[in-house]
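# Chains, contacts and geometry: an overview
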Amino acid sequence: MHFSLSRRCLVAATLATLAGTGALAADNWPSKPLHLIVGFPAGSSPDLTARALAEPLEKALGQPIIVENKVGAGGNIAAEYVARATDGYTFSVMINGNMTIAKLLNPAIRYDPLTDLQPVGLIGVAPLVLVAPAKAPEGKAFFEAASQAGSSWSYGSPGVGTIGHLGMELLKSRAKIKPEHIPYPGYPQVFNGIQGGDLQLSMLPPALAMNQIQAGKLRGIGVSSAARSPLAPGLPSLKELGIANYDMEIWNAVAAPKAMPKAHVDKLAAAVGEIVRSPEMRQKLALQGWQAVGSSPEGLKNRIDADVKALGAIIKEQNIRAQ
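Residues numbered from 1 in each chain as written. Predicted model: local features only at pLDDT ≥ 70, side-chain atom pairs only at ≥ 80, totals over all residues. Heavy atoms only, no water.

### Topic: the pattern of salt bridges
All told, the structure shown has 10 salt bridges when counted by the stated rule. Ionic pairing is found between Arg 219 and Glu 138, a salt bridge with its closest N-O pair at 3.6 Å. Taken together, the residues span a long stretch of sequence, with Arg 219 in strand E9 (residues 218-223) and Glu 138 in the loop between strand E5 (129-133) and helix H8 (139-149) at a distance of 81 residues. Its relative accessible area of 53% is what places Glu 138 among the exposed residues. With its nearest N and O atoms 2.8 Å apart, the salt bridge here joins Arg 303 to Glu 249. Residue Arg 303 is located in helix H14 (residues 297-318), and its partner Glu 249 is located in strand E10 (residues 249-257); the two are separated by 54 residues in the primary sequence. Residue Arg 303 is classed as partly exposed on the basis of its relative accessible area of 24%. (Salt bridge = Lys/Arg side-chain N within 4 Å of Asp/Glu carboxyl O. Helix = DSSP H or I, 4+ residues; strand = E, 2+ residues; numbered from the N terminus. Buried < 20%, exposed > 50% of the residue type's maximum accessible area, 1.4 Å probe, protein only.)

If you want it as structure tokens, here you go:
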């Protein structure tokens, strides 16, 4: 079959347009193994999530998924690596800090999560649990006691700039309480501080808090999410206790470099979302301490924007810098 010159020109223009939008590339992408980057060591929560995702994603995309751990700087080394990737086959499972406030906490880092990364999809969320000594008052009575105590109370976190620190500073502004911050090397020291009477409150992930609460070693006051969480059964939301405009969760998500074509991101996002919403993956994530979501890229972007607005205001107001 022979095409006229005008017909050939029309076909060429159409192909060029499709290639420009990524439609053709998406049809045969991926055509080789993909690299899934994790910024934390093997056995960590992000690593376990990434490896749980990798196997079904291999089947969905028809290519091997190679999980690589690039550890350091609270996940920012891996995030920078992904942000700079231009091969179209590199993506990552990240925690919320790497995708939102990393640059605000440390202006020296060499990537900007808001401009150098693309959101692919939210994997799972979890609230923080506000905890206190086992004999502390419950519910609204706890906040009344905290208000009366002023700065004589102290709270602990695993370090300046961590979500436990920022979450509590945001709570202080919403609840009009004034406990002083004491940073610790990690959560075990925070537990000891509360049980030893050096601390009166802290905000912990439910996977760490609930065993201590159920064992009677800590008092669970409430969860930081807008509604109750299946990850912290029996605990009210802080909103129920009268704390308005407070909604904060920790989360993990899939991110891609800015250089990855949108058609590839959309194809990856569709596969990830379907996997995360499956009963099998929901169960795996629940065992890891996550409530499965499986959002679209737009849904993840909305979560990023909300976190940056709320936490960014606290960071700027108090000039907080990561240590």
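### Details of the sheet that holds strand E8 (residues 201-204)
If you trace the five strands from one edge of the open sheet to the other, you get E7-E6-E8-E5-E9, paired in mixed fashion. Either end of the sheet is taken by a strand with one partner, and the two such strands are strand E7 (180-183) and E9. Averaged over all neighbouring strand pairs, the angle between strand axes comes to 30°, with direction disregarded. Sheet strands touched by helix H9 (residues 163-175): E5, strand E6 (154-157), E7 and E8. Its angle to E6, the strand with the most contacts, is close to 150°. Sheet strands touched by helix H10 (residues 187-195): E5, E6, E8 and E9. Its angle to E8, the strand with the most contacts, is close to 150°. (Pairing = 2+ DSSP bridges. Axes fitted to C-alpha atoms, helices over the stretch in contact; angles between N-to-C directions. Contact = heavy atoms within 4.5 Å.)

### Looking at the side chain of Ser 157
On the secondary structure map, Ser 157 appears in strand E6. In terms of polar contacts, Ser 157 uses its side chain to reach the side chain of His 181, at 2.7 Å. Setting aside its immediate chain neighbours within four residues, Ser 157 contacts Thr 162, Gly 164, His 165, His 181, Ile 182, Pro 183, Tyr 184 and Val 190. (Polar contact = N/O pair within 3.5 Å; in protein donor to acceptor, adjacent residues only side chain to side chain.)

### Points about the sheet that holds strand E11 (residues 291-292)
The strand order across the open sheet built from six strands is E2-E1-E3-E10-E4-E11, with neighbouring strands paired in mixed fashion. At either end of the open sheet lies a strand with only one pairing partner, and these are strand E2 (65-69) and E11. By the bridge criterion, four bridges tie strand E1 (residues 34-38) to strand E3 (residues 90-95) in an arrangement that is parallel. Bridging from a neighbouring strand, Val 38 pairs with Val 93 of E3. Here H14 sits on the sheet in contact with strand E4 (117-127) and E10, set at roughly 70° to E4.

Such coordinate-based values are descriptive only and should not be taken to indicate function.
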